[in-house]
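Chain by chain, the residues run as shown.
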Amino acid sequence: MTLHTPESRLFVDDYLPALLAQASQLISGEFHKVARQHGFSVSEWRVMASLADGEAISIGDLAQVTVTKQPTVTRLLDRMEAKGQVERLPHESDRRITLVRITPQGAEAVAQLMKLAREHEHRVLEPFGLQRAEELKKTLRQMIALHADQAEDSEETE
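About the cut-offs
- Residues numbered from 1 in each chain as written.
- Predicted model: local features only at pLDDT ≥ 70, side-chain atom pairs only at ≥ 80, totals over all residues.
- Heavy atoms only, no water.
- Pairing = 2+ DSSP bridges.
- Helix = DSSP H or I, 4+ residues; strand = E, 2+ residues; numbered from the N terminus.
- Contact = heavy atoms within 4.5 Å.
- Axes fitted to C-alpha atoms, helices over the stretch in contact; angles between N-to-C directions.
- Salt bridge = Lys/Arg side-chain N within 4 Å of Asp/Glu carboxyl O.
- Buried < 20%, exposed > 50% of the residue type's maximum accessible area, 1.4 Å probe, protein only.
- Parallel < 35°, antiparallel > 145°, perpendicular 65-115°, else oblique.
- Left-handed = near helix turned anticlockwise from the far one by under 90°.
- Patch = residues over 30% accessible without salt bridge, like charges linked within 9 Å, V, L, I, M, F, W, Y side chains within 5 Å.
- Areas by Shrake-Rupley, 256 points an atom, 1.4 Å probe, with all protein chains shown as cover.
- Nonpolar A, V, L, I, M, F, W, Y, C, P; charged D, E, K, R; others polar.
- Phe/Tyr/Trp six-rings, centres within 6.5 Å; stacked < 30°, edge-to-face > 60°.

Looking now at the sheet that holds strand β2 (residues 86-90). What the three strands build is an open sheet, ordered β1-β3-β2; its pairing is antiparallel. Edge positions in the open sheet fall to β1 (57-58) and β2, since each of these has one partner strand only. In this structure, β1 lies alongside strand β3 (residues 98-102), joined through two bridges in antiparallel fashion. Residue pairing for β3: I57 is matched across the bridge by V100. Packing against the sheet, helix α4 (residues 70-82) makes contact with β2 and β3, and its axis sits at approximately 115° to β2.

To continue, consider the pattern of salt bridges. Where side chains of opposite charge bring their charged atoms close, a pairing between them can arise. Scanning the entire structure with this criterion turns up ten salt bridges. Measuring nitrogen to oxygen at the nearest pair gives 3.4 Å for the salt bridge that ties D14 to R9. Of the charged contacts, one joins E121 and K137 as a salt bridge, the two residues approaching to 3.0 Å between their closest N and O atoms. On the criterion of sequence distance, the pair formed by E121 in helix α5 (residues 104-125) and K137 in helix α6 (residues 130-157) is long-range, its members being 16 residues apart. Under the relative-accessibility criterion, E121 is labelled partly exposed at 25%. One network of salt bridges, with partners in common, ties together R118, E121, E134 and K137.

It is worth spelling out the packing of helix α1 (residues 16-37) against α5 at this point. One can describe the packing of α1 onto α5 by two numbers: an axis separation of 11 Å at closest approach and a directional angle of 150°. Of the possible angle classes, the one that applies to α1 and α5 is roughly antiparallel. α1 and α5 meet at a crossing whose hand is right-handed. Of the residues in α5, those touching α1 at I27, E30, F31, V34 and A35 are L113, L116, A117, H120 and V124.

Another aspect to go through is a nonpolar patch on the surface. On the surface, L10, F11, V12 and Y15 cluster together to form a nonpolar patch covering roughly 400 Å² of accessible area. Here V12 shows up in the segment before α1.

All right, on to the packing of helix α2 (residues 42-51) against α4 then. Direction vectors running N to C along α2 and α4 enclose 80°, while the axes themselves pass 11 Å from each other. It follows from the interaxial angle that α2 and α4 lie roughly perpendicular. Where α2 abuts α4, its residues S43, E44, V47 and M48 lie against L76, L77 and M80. Its residues assigned to classes, the contact of α2 with α4 comprises five nonpolar, one polar and one charged.

On to the packing of aromatic side chains, then. Inspection of every chain in the model, using the stated rule, returns two aromatic pairs. Consider the rings of F31 and W45, whose centres lie 5.1 Å apart with planes at 55°: the pair is tilted. Note that F31 is positioned in helix α1 and W45 in helix α2, a separation of 14 residues in sequence. Taken individually, F31 and W45 each receive the classification buried, so the pair is uniform in this respect.

Purely geometric stuff here, so don't read any function into it on its own.
The structure is reproduced here in structure tokens:
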């Protein structure tokens, strides 16, 4: 990677979406190697991490959180359900919605990987200090909330 002076900086070196994408790819890529070593594909890891708190969520929401197309998530859930890692549940009031939840077996299978993920996160953030790291995460959560609402609005108008 070539570093540029502020005067000769490339557009993408100072453009937030490009910086977020590069940081995400590099940092996630480091951990994806660990996930694969523990027998999880990147997509399986994303699903398991998203469901790890035990709350059931809709397949549509799961697709959004894991940044995966819904048909891909559905096929992935078929395989994970066959392994006993997740289970599908009917929605209480809307029959069109299927919920998914991690099983105790799935939670056990991903527990060590969750610990390793937290250790990786700590190593990534440690150079910036705890306060800066928490501020960064808070800012990113606010950006996600603000732009998730805008994304939903634009999907409804399409």
